[in-house]
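What follows is each chain in one-letter form.
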Amino acid sequence: VVHSHANVGVNKAESARTAVLRLNDQVHCIAHRTRFTSHNAMELLDGYDIVVDCSDNAATRYLVNDACVLAGKPLVSG
């Protein structure tokens, strides 16, 4: 579980980043505080070796999957 009552009002991306770093401070984790859209998908994936999808709706999950297939990036969904 990434989010808790203590995170109410905190940006989801920042909250998730904080939780990941709490588990392993050796991980390089960047929170993108922007919507993932068909207009910025490929740009957001550029430069990453792996994509972790923690989106909360089906449309975004499908878009992330499509972008990862096109970019040849492994996708982890959670």
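Provided above is the structure to which this section pertains.
Within every chain, residues take consecutive numbers counted from 1 along the sequence as written. Reporting in this predicted model follows two pLDDT cut-offs: at least 70 for local features of residues, and 80 or more for side-chain atom pairs to be given and counted; totals over whole chains, interfaces and linings ignore these cut-offs and use all residues. Working from all heavy atoms in the structure, the side-chain values ignore hydrogens and water.

1. Topic: a nonpolar patch on the surface
Note that patches include only residues with greater than 30% relative accessible area and no salt bridge, and the join distances are 9 Å for like charges and 5 Å for nonpolar side chains (Val, Leu, Ile, Met, Phe, Trp, Tyr). The accessible surface values rely on the Shrake-Rupley method and a 1.4 Å probe; as for residues, cover is taken only from the protein chains in view. Salt bridge, as used here, is a side-chain nitrogen of Lys or Arg placed within 4 Å of a carboxyl oxygen of Asp or Glu. A surface patch of nonpolar side chains, amounting to about 260 Å² of accessible area, comprises Ile50, Val52 and Val76. Starting at the N terminus, helices and strands are each numbered in turn, a helix being any DSSP run of H or I of at least four residues and a strand any DSSP run of E of at least two. Its location among the elements puts Val52 in strand β1 (residues 51-53).

2. Side note on the pattern of salt bridges
Taken as a whole and assessed by the stated rule, the structure comprises two salt bridges. Among the salt bridges present, the one from Asp56 reaches Lys12, with a minimum N-O distance of 2.3 Å. With Asp56 in the loop between β1 and α3 (58-71) and Lys12 in helix α1 (residues 12-23), this pair connects stretches of sequence that are 44 residues apart. Of the charged contacts in the structure, one is a salt bridge between Asp53 and Arg61, with a shortest N-O distance of 3.9 Å.

3. Considerations on α3
In this model, α3 (14 residues) spans 20 Å end to end at C-alpha, consistent with the 20 Å of a helix rising 1.5 Å per residue. The contact rule is simple, with two residues in contact once any of their heavy atoms fall within 4.5 Å. Each element contacted by the buried residues of α3 is listed here: α2 (41-45), β1 and β2 (75-77). Residues adjacent in sequence count toward polar contacts only when both atoms are side-chain atoms; beyond that, a polar contact is any pair of N or O atoms within 3.5 Å, and within protein one must be able to donate a hydrogen and the other to accept it. One side-chain oxygen of the residue at the start of α3 lies 3.3 Å from the amide nitrogen of Ala59, identifying that residue as Asn57. Downstream of α3 by a residue or two, Gly72 has a phi angle that is positive, lying close to 70°. One fewer than the residue count of a helix, multiplied by 1.5 Å, yields its expected span.

4. Describing the nonpolar core
The nonpolar core is taken to be a set of buried Ala, Val, Leu, Ile, Met, Phe, Trp, Tyr and Cys residues, with the residues joined through side-chain atoms within 4.5 Å. Each residue is placed in one exposure class: buried if its accessible area under a 1.4 Å probe, protein chains only, is under 20% of its type's maximum, exposed if it is over 50%, and partly exposed if it falls in between. Judged by nonpolar contacts, Ala41, Leu45, Val51, Val64, Ala67 and Cys68 together constitute the single largest core of six residues. Residues in contact with Ala41, not counting those within four places in the same chain, are Phe36 and Ala67.

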